[in-house]
2 protein chains.
Amino acid sequence: MRTAFYISDGTALTSETFGHAILSLFPVTFEHRTLPFIDEQEKALRAVEEINLAFAESGERPLIFHTFVDPAIKRIIVKSEGVSYDFLDHYVAPVQAELGVSAQPKTNRTHGISPEYNFRIDAVNYTLENDDGVTTKNYGEADIILIGASRTGKTPTCLYLALQYGIKAANYPITEDDMEHLQLSYDLKMHRHKLFGLTIDAERLQSIREARRAGSRYASIEQCQFEIAEIEALYRREAIPYLNSTYASVEEIAAKIMTIAKLRRHRY
Amino acid sequence: MRTAFYISDGTALTSETFGHAILSLFPVTFEHRTLPFIDEQEKALRAVEEINLAFAESGERPLIFHTFVDPAIKRIIVKSEGVSYDFLDHYVAPVQAELGVSAQPKTNRTHGISPEYNFRIDAVNYTLENDDGVTTKNYGEADIILIGASRTGKTPTCLYLALQYGIKAANYPITEDDMEHLQLSYDLKMHRHKLFGLTIDAERLQSIREARRAGSRYASIEQCQFEIAEIEALYRREAIPYLNSTYASVEEIAAKIMTIAKLRRHRY
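Residues numbered from 1 in each chain as written. Chains lettered and ligands numbered in written order. Predicted model: local features only at pLDDT ≥ 70, side-chain atom pairs only at ≥ 80, totals over all residues. Heavy atoms only, no water.

Per an unreviewed UniProt entry, chain A is named Putative phosphoenolpyruvate synthase regulatory protein, and its organism is Aliidiomarina sanyensis. In its Function (unreviewed entry) section, UniProt records this for chain A: "Bifunctional serine/threonine kinase and phosphorylase involved in the regulation of the phosphoenolpyruvate synthase (PEPS) by catalyzing its phosphorylation/dephosphorylation." Of chain A, the UniProt comment under Sequence similarities (unreviewed entry) reads exactly: "Belongs to the pyruvate, phosphate/water dikinase regulatory protein family. PSRP subfamily." (UniProt positions renumbered as here; feature names shortened; annotations may be inferred.)

Engineer: Mind showing me how you'd approach the sheet that holds strand β2 (residues 30–35) of chain A here?
Structural biologist: Note on sheets: strands pair through backbone hydrogen bonds, and any given pair is parallel or antiparallel. Residues and elements named next belong to chain A. Reading across from one edge, β2-β1-β3-β4 is the order of the four strands in this open sheet, with parallel pairing throughout. The open sheet has two edge strands, β2 and β4 (83–85), and neither has a second partner. For this sheet the average axis-to-axis angle between neighbouring strands, irrespective of direction, equals 20 degrees. Strands in contact with helix α3 (residues 71–78) are β1 (2–8), β3 (63–67) and β4; relative to β3, the strand with the most contacts, it is inclined by about 180 degrees. (Pairing = 2+ DSSP bridges. Helix = DSSP H or I, 4+ residues; strand = E, 2+ residues; numbered from the N terminus. Axes fitted to C-alpha atoms, helices over the stretch in contact; angles between N-to-C directions. Contact = heavy atoms within 4.5 Å.)

Engineer: Would you mind going over unusual backbone geometry with me for this structure?
Structural biologist: Most peptide bonds take the trans form, and the phi angle of most residues other than glycine is negative. The phi dihedral of A:A239 falls on the positive side, at around 55 degrees, and the residue is not glycine. Mapping A:A239 onto the fold places it in the loop between α9 (221–237) and β8 (242–244). Not every positive phi belongs to a glycine, and B:F37 is a case in point at roughly 55 degrees. Counting through the fold element by element, B:F37 comes out in the loop between β2 (30–35) and α2 (41–58).

Engineer: Explain the UniProt feature "binding site: ADP" (unreviewed entry) in chain A to me, please; I cannot follow it from the model alone.
Structural biologist: Feature annotation in UniProt assigns "binding site: ADP" (unreviewed entry) to the following positions: A:G148, A:A149, A:S150, A:R151, A:T152, A:G153, A:K154 and A:T155. A:R151 has contacts with A:I200, A:L205, A:I208, A:R209, A:R212, A:Y218 and B:N125, leaving out every residue within four places of it along the chain.

Engineer: I tried to follow helix α8 (residues 202–212) of chain B on my own but got confused; where do I start?
Structural biologist: In an α-helix there are 3.6 residues to a turn, and that puts residues three or four apart on one side. Residue and element names in this part refer to chain B. Restricting attention to buried positions, one finds in α8 the residues A202, L205 and R209. Projected onto a plane normal to the axis of α8, the buried residues spread over an arc of 60 degrees and lie on a single side. Buried-residue contacts for α8 involve α9 (221–238). (Buried < 20%, exposed > 50% of the residue type's maximum accessible area, 1.4 Å probe, protein only. Arc of directions from axis to C-beta.)

Engineer: I would appreciate a short explanation of the packing of aromatic side chains in the present structure.
Structural biologist: Two aromatic rings are characterised by how far apart their centres lie and by the angle between their planes. Residue and element names in this part refer to chain A. Taken as a whole, this structure holds 14 aromatic pairs over all chains when the rule is applied. Note on Y6 and F65: the rings are 5.9 Å apart at their centroids and 15 degrees apart in plane angle, and the pair reads as stacked. Residue Y6 is found in strand β1, and its partner F65 is found in strand β3; the two are separated by 59 residues along the sequence. Y6 gets classed as buried once you look at its relative accessible area, which sits at 0%. (Phe/Tyr/Trp six-rings, centres within 6.5 Å; stacked < 30°, edge-to-face > 60°.)

Engineer: Would you take a moment to explain the sheet that holds strand β8 (residues 242–244) of chain B for this structure?
Structural biologist: Residues and elements named next belong to chain B. Spatially, β6-β5-β7-β8 is the arrangement adopted by the four strands of the open sheet, whose pairing is parallel. Sheet topology places β6 (169–173) and β8 at the edges, where each strand pairs with a single neighbour. Ignoring strand direction, the axes of neighbouring strands in this sheet form an average angle of 25 degrees. In this structure, strand β5 (residues 144–148) lies alongside strand β7 (residues 195–199), joined through three bridges in parallel fashion. Bridge pairing links I145 to L195 in β7. Across the face of the sheet, α9 comes into contact with β5, β7 and β8 while running at roughly 150 degrees to β7.

Structure (structure tokens):
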């Protein structure tokens, strides 16, 4: 199997995103290896050994997606047996020409601590403290409040919104007790402009719940269908925007919520 | 102020990473706007209106970082008044030549649901259920167990490890009661090969704690210095690998832990 390397003097998150975006276009399976914090020549020489060994073992030249600030380190990597792709290569010069300002490379530029950083940690803390309806008293501070049946993806979505975008996201489960004559509680009504619903296909919900409480009424297909039908009816009745999470990743759900709810992000 | 647009037919996370990595090289302040899910010609036309309006208002051509699968949509965006950068442009052809396989573009390729997706959600659930030392009975399942004083960044780091890499990360606070003659509890000793310590500068810890419990002994500089000194001594005595989180973002801490602890990630 061919190996893909993602290498950088920082976290290598940018190299990974860059490489994945390209490789995902090809129906080829790779062995993936990330080498972050390659910020000294000695580390670069060890990385080259690893690249060359992967080549010797598979007979196929590894692909290397990299971003480096120090040209001396880049030169070492480029001399390996792998095929190098540096996405800065083609874009720094044209952007520099357009802006009329010189680039000032520095390490850890993309994923270091910026002034917006505390926003994200505050948002994560907010989300944890207002998860799963544990309290409703801080909803005044919320940027958004996700509601939905148990196990529709509210918590991971809230955490992603907090970590990626610095959004204070609370969530509130609509539980079985509320199901008959379903209506919004007073606390939710007070903040109805912040509400956003999640729903999911009943079959998918059933399989998620079954993995957690096998054989329970909670995990039965009848219960899942009933809850989903009642909750979707509530969303429509109350004109609450909502999304189906069945075929969407946390990243996709979060990006859609940002757009639909017109949320202002605290990180760029 | 000049505007930077990040546009895609998917989440636009790739366009954002691409654009940020380039723009962070320049000492220029931008207004950032992300337009995800531009997957129909009509939406593309509205995006062009927004780009042209930004140009009319600022007099500076907006920079547009985009990735599209559908060439018809890309053609619409490229005809706007902005300056377009498509990072796939320069890399798909050379990678295709190297692999000897044709690219098969599809939407939501980078951030959609893949077979590894459930790993990440399972990891998030694991992390939440094993946060803050609430239980130690599931440590057999952990990929890593972060330890450290209260407010050193354990929880956000664990959540990032789970969401980004699919790592099951538990965390356990070393609290004040344990401080004298500090030693590892039985449960931690049993899993000592999974332990990873976080530390932080006492001044930074003091300011974080002060924001939460102003004027408390917990937030005093003496208490913070004492805890950090005792805990770092414990790490050294027990040969537990550890990191200082003071000047590092969650992304940097997580990437360093992945490398130092040689963790096998469940997502690429």
